[in-house]
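# Remarks on the overall topology
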Amino acid sequence: MRTDVNTKLAELRREVQRELRPFTRPFTGPRRVPAARATSRRTTLPVVLFAILKVAAVVALPFVVYVRASVLLYVQGAPSWLAVSGAAILTMALAAGYAAWLSRRFSGRARARTISHWVALPIAAAWCAYAALYLARVNAKSDQVRAYYAAVHPVLRVALATAILADPDIVVTDLQRTPEDYGRMGLPVNNRTKHYRQPNGWVHAVDLRTRERGEIRNRMVQLYFWTMGFQTLRHVGTADHLHVQLALKP
């Protein structure tokens with residue numbers, strides 16, 4: 001009888017020890033992620049970031065080409081609208097190349113003529129025309145400012161429209177001026193301002209609002225215009241703003 005009791009107690013003791021084993025196991029430190037998995041995580045993040053940057057660069061390239069080529073053609077002596085038109089042709093050719101590449105990638109063959117004729121060229125042409133001709137009301141301080149948009153040099157309009165595409169909150173505060181405008185603003189007359197109509201008939205300067213915008217955004221917009229070949233100046237007239245101008249051809 002005693003043997004049976006001892007046997008049952010021994011079995012019960014072993015069962016209790018099995019149940020308590022996970023809680024009584026000595027602490028050996030935090031669980032370590034396998035080295036291969038940790039290395040994989042460290043290498044995945046840069047790869048993803050690089051892929052995002054690459055896609056962004058590919059998407060931005062046609063717009064950059066349109067603006068930069070317009071400026072370069074104008075500086076090299078091309079008439080205003082010819083500079084914009086030449087840059088538009090380059091942009092449409094690039095868009096057609098993108099379309100052919102995508103067609104080859106997903107359908108296995110390059111239907112460049114069809115894609116270019118019916119998709120890439122119409123879209124690129126529509127954007128080029130929109131950028132050169134239209135300023136939305138939300139991007140102008142007033143209807144009067146918006147009414148002067150057609151007087152601005154086409155190359156500057158193209159650059160401004162592209163900046164608005166990337167930053168829809170940009171607001172144009174001033175375009176064309178006359179000497180009398182300086183008196184109304186309480187400022188001395190500036191006879192060298194590019195806000196006047198220049199000898200070629202175009203206004204070569206715009207002012208952009210910087211108030212109530214983050215400093216990083218303002219600096220990024222300024223960097224964009226400077227990179228595209230425009231002269232920029234952050235200064236205060238009646239209020240803090242970013243002045244952007246296109247140099248006159250010598």
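For the structure, see preceding data.
Here is a short report on the structure shown in this document. All values reported here derive from a predicted model rather than from experimental measurement.

### Let's talk about the overall build of the protein
Helix and strand content of the protein: eight helices and four strands. The order of α-helices and β-strands along the protein, N terminus first, is α-α-α-α-α-α-β-α-β-α-β-β. In the protein, buried positions account for 34% of the 250 residues. Contacts in the protein between residues far apart in sequence, at least 24 positions, make up 63% of those at least 6 positions apart. Of the roughly 16,500 Å² of accessible surface on the protein, 63% is carried by carbon and sulfur atoms.

### A word on the sheet that holds strand E4 (residues 240-245)
Spatial strand order, E1-E2-E4-E3: four strands in an open sheet with antiparallel pairing. A strand with exactly one partner marks an edge of an open sheet, and here the two such strands are strand E1 (172-174) and strand E3 (231-236). Here the strands of the sheet are splayed against their neighbours by 35 degrees on average, with no regard to which way each runs. Where E1 meets strand E2 (residues 205-209), two bridges bridge the pair, whose relative direction is antiparallel. Bridged to Asp174 within E2 is Asp207. Contacting E2, E3 and E4, helix H8 (residues 215-227) runs over the sheet at an angle of about 145 degrees to E3.

### Re helix H6 (residues 154-166)
Here H6 contains 13 residues, and its C-alpha end-to-end distance of 19 Å stays within 8% of the 18 Å for a straight helix at 1.5 Å per residue. Most of H6 sits inside the fold, with 11 of its 13 residues counted as buried. Listing the buried residues of H6 in full gives Pro154, Val155, Leu156, Arg157, Val158, Ala159, Leu160, Ala161, Thr162, Ala163 and Ile164.

### Quick notes on the packing of aromatic side chains
As enumerated under the stated definition, the model contains seven aromatic pairs in all. Measuring from ring centre to ring centre gives 6.2 Å for Tyr182 and Tyr196, while their planes differ by 85 degrees; the resulting arrangement is edge-to-face. Placement of Tyr182 in helix H7 (residues 179-184) and of Tyr196 in the loop between H7 and E2 is noted, with a sequence separation of 14 residues between them. Three or more aromatic residues joined by ring pairs form one cluster here, namely Phe63, Trp127, Tyr130 and Tyr134. Taking the ring centre of Tyr149 as reference, the NZ or CZ of Arg157 above it sits at 5.9 Å.

### Quick notes on the pattern of salt bridges
Enumeration according to the criterion identifies 10 salt bridges in this entry. Of the charged contacts, one joins Asp169 and Arg217 as a salt bridge, the two residues approaching to 3.2 Å between their closest N and O atoms. Here Asp169 is found in the loop between H6 and E1, whereas its partner Arg217 is found in helix H8, with 48 residues between them in sequence. A residue is classified by how much of its surface remains accessible, and Asp169, at 48% relative accessible area, is partly exposed.

### What about the nonpolar core?
One finds Tyr66, Val155, Leu208, Phe225, Phe230 and Val244 to be the most contacted residues of the largest nonpolar core, which totals 40 residues. Elements with a contribution of two residues or more to this core: helix H2 (35-75), helix H3 (80-107), helix H4 (112-133), H6, E2, H8 and E4. Ranked by residue count, the leading element in this core is H6, at eight residues. When sequence neighbours within four positions are dropped, the list of residues in contact with Val155 reads Ser70, Val71, Tyr74, Ser80, Ala83, Val84, Phe230 and Leu246. In terms of nonpolar packing, the next biggest core, distinct from the first, is built from five residues, Met92, Ala95, Ala99 and Ala124 among them.

### Notes on the environment of Val206
Of note, Val206 is situated in strand E2. Assessed through its relative accessible area of 0%, Val206 is described here as buried. Here the alpha-carbon distance between Val206 and His243, two residues 37 residues apart in the chain, equals 6.0 Å. If we ignore the near neighbours within four places in the chain, the residues touching Val206 are Val152, Leu156, Asp174, Leu175, His195, Leu242, His243 and Val244.

### Looking at the environment of Ala83
Within the element layout of this structure, Ala83 appears in helix H3. Using a relative accessible area of 0% as the deciding quantity, one classes Ala83 as buried. Sequence separation between Ala83 and Pro154 is 71 residues; the distance between their C-alpha atoms is 8.8 Å.

Rules and cut-offs
Residues numbered from 1 in each chain as written. Predicted model: local features only at pLDDT ≥ 70, side-chain atom pairs only at ≥ 80, totals over all residues. Heavy atoms only, no water. Helix = DSSP H or I, 4+ residues; strand = E, 2+ residues; numbered from the N terminus. Buried < 20%, exposed > 50% of the residue type's maximum accessible area, 1.4 Å probe, protein only. Contact = heavy atoms within 4.5 Å. Areas by Shrake-Rupley, 256 points an atom, 1.4 Å probe, with all protein chains shown as cover. Pairing = 2+ DSSP bridges. Axes fitted to C-alpha atoms, helices over the stretch in contact; angles between N-to-C directions. Expected span 1.5 Å × (residues − 1). Phe/Tyr/Trp six-rings, centres within 6.5 Å; stacked < 30°, edge-to-face > 60°. Lys NZ or Arg CZ within 6 Å of the ring centre and 35° of its normal. Salt bridge = Lys/Arg side-chain N within 4 Å of Asp/Glu carboxyl O. Core = buried A, V, L, I, M, F, W, Y, C linked by side-chain atoms within 4.5 Å.

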